[in-house]
Amino acid sequence: MIDALKLLVDAVFWLIAGTVMWVVLGLAVLAVFGPLPGVLMLMIGFMGLAMLTLAVRHARSASTLLTMGYVRHAVSQNLPVVPILEAIERGRVSRWRQVRSARRAIEQGRSVASGLSEVRMLPRWAHRTVAAGEATGRLSDALTRATARMRARMTAQQGDPLILGGAYASILVSLLLGALAFFAVFILPQYREIAEDFGIELPWQTVLTFTFFTRFQWPLVAGAYLMIAGLGGVTLWSLIRGVPPVPGMGWLVEQWCWRVPPWRGQARERSYAEAAWLLGDGLRAGLPMHVAIRAAAAGGVNSGLRSRLTRWASRVEAGESAGASARGCGVRAELGAMVETASRSTDPSGPLDFVARLYELRSEGRDGMVRAVVLPMITLGLSFVVGWVVYSLMLPLPMLMEATLPEWSKL
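Figured I'd write up the structure that's included with this text. (Residues numbered from 1 in each chain as written. Predicted model: local features only at pLDDT ≥ 70, side-chain atom pairs only at ≥ 80, totals over all residues. Heavy atoms only, no water.)

As for the overall build of the protein
A tally of regular secondary structure across the protein gives 19 helices and zero strands. Expressed as a percentage of the 411 residues in the protein, the buried residues total 40%. Sequence separation of 24 or more characterises 67% of the internal contacts of the protein that already satisfy a separation of 6 or more. Accessible surface, the protein: about 21100 Å² in total, of which carbon and sulfur atoms supply 67%. (Helix = DSSP H or I, 4+ residues; strand = E, 2+ residues; numbered from the N terminus. Buried < 20%, exposed > 50% of the residue type's maximum accessible area, 1.4 Å probe, protein only. Contact = heavy atoms within 4.5 Å. Areas by Shrake-Rupley, 256 points an atom, 1.4 Å probe, with all protein chains shown as cover.)

Some details on helix α13 (residues 263-284)
The first and last C-alpha atoms of α13 sit 32 Å apart over 22 residues, in line with the 32 Å expected at 1.5 Å per residue. Along α13, 17 of the 22 residues are buried, which leaves the element largely enclosed by surrounding structure. Of the residues trailing α13, Gly 286 is marked for its positive phi of about 85°. (Expected span 1.5 Å × (residues − 1).)

Some words on the pattern of salt bridges
This model, assessed by the stated rule, comprises eleven salt bridges. In this structure, the salt-bridge partner of Glu 274 is Arg 145, at a minimum N-O distance of 3.7 Å. Here Glu 274 is found in helix α13, whereas its partner Arg 145 is found in helix α7 (residues 139-159), with 129 residues between them in sequence. Owing to a relative accessible area of 7%, Glu 274 belongs among the buried residues under this scheme. Arg 145 sits in the buried class, given a relative accessible area of 13%. Its salt-bridge partner being Arg 284, residue Asp 353 comes within 3.2 Å of it at the nearest N-O pair. With a gap of 69 residues between them, Asp 353 in helix α18 (residues 349-394) and Arg 284 in helix α13 connect regions that are remote in the sequence. Residue Arg 284 is classed as partly exposed on the basis of its relative accessible area, which comes to 28%. A network of salt bridges, in which partner residues are shared, links Arg 138, Asp 141, Arg 145, Glu 274, Asp 281, Arg 284 and Asp 353. (Salt bridge = Lys/Arg side-chain N within 4 Å of Asp/Glu carboxyl O.)

Topic: the packing of aromatic side chains
Counted by the stated rule, this structure contains six aromatic pairs. Seen in terms of ring centroids, Tyr 191 and Phe 210 are 5.9 Å apart; in terms of plane orientation they differ by 80°. Their pairing is edge-to-face. Of the two residues, Tyr 191 is situated in helix α9 (residues 167-197) and Phe 210 in helix α10 (residues 204-215); the sequence distance between them amounts to 19 residues. Neither Tyr 191 nor Phe 210 differs from the other in exposure class; each is buried. Through pairs of rings, three or more aromatic residues link up here, namely Trp 204, Trp 388 and Tyr 391. Between Arg 268 and the ring centre of Trp 258, over which it is positioned, the NZ or CZ distance is 4.6 Å. (Phe/Tyr/Trp six-rings, centres within 6.5 Å; stacked < 30°, edge-to-face > 60°. Lys NZ or Arg CZ within 6 Å of the ring centre and 35° of its normal.)

Some details on the environment of Gly 133
As for its position among the elements, Gly 133 is in helix α6 (residues 124-136). With 148 residues separating them in the primary sequence, Gly 133 and Asp 281 have C-alpha atoms 7.5 Å apart. Setting aside its immediate chain neighbours within four residues, Gly 133 contacts Arg 138, Leu 139, Ala 142 and Leu 278.

Remember, this is a structural readout, not a statement about activity or role.
Encoded structure:
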């Protein structure tokens, strides 16, 4: 419920900010270039802002990764964290003011995870992973995993930034909705009026297109407004602050990735891998099983798995076996079996490290599949929509030309 309210606050804020931004830019551009060139300039400006946002976010993510790497090195070598952050601050890297806030928070006695939360470009899952590592006494391992995962994501985005960043699909869908809404409101009525004036009997393909756009004209306008204004607000806020004002959108993305293929397999494998690593860390630190499971639930796992781990910890604390209660809570049976095996082993982290590596390999395979599938799906879908609209409007053109030509030219 709280996440849903945060998402509502996110949506309202983005819509207001995006509406204000596009109204100001739109009035200025239309006053300078006129209606049609102004619309084209706004579309080009929209794509340019999105690309600029990607570049800025990539640069900020690089500085955040640098900060995480220094902190990981300090913790792994048993060095004090505060002087390391002080050195980063003196270097005036990107977002150095946030590094200063993190240093001051740690100086005041707060935990490393709490201090790193001041670095706003740090992903939520990375912050939760570090916090769980502190809770289990395996901070160095947690920082190593979080840094490696952030570096892997940045490396992948360097080769394919539009797809993994989500900007490619967002830009194409927004532009398509905007173009279809413009067509439905301004072009389609004029086209239909011309056909009726000349008494042309339209083919069924054109009639189907007219019927669809007539029924869904205003939903298309509303969808185009929500997408363009929302993305404009996100772009504006990302350029100024670096991250959304509240983490509600992250909750929606997590729910989407947990439930909808092809993202579902990738998100689940990655979350189970992180949960297995954290469970191994907790059991290696000598924590009771239900405490280790709760620590894993608080880590950087998807919210869909977090609720299952929380129920699992409650049932284990009530005295049920880990394997049977895992199946009853919707947790994978092999993870429950590995936890039971680890609890009876002299090296409790061994079985869980093994299954964590297995999940990571599956996650890498799913990630490659998603990257290979998303772009063709988007391209085929948009090509079909645009192609159908153009085809249905081109069909009546010969009849329209024949009706408008004078009689002597038909001889």
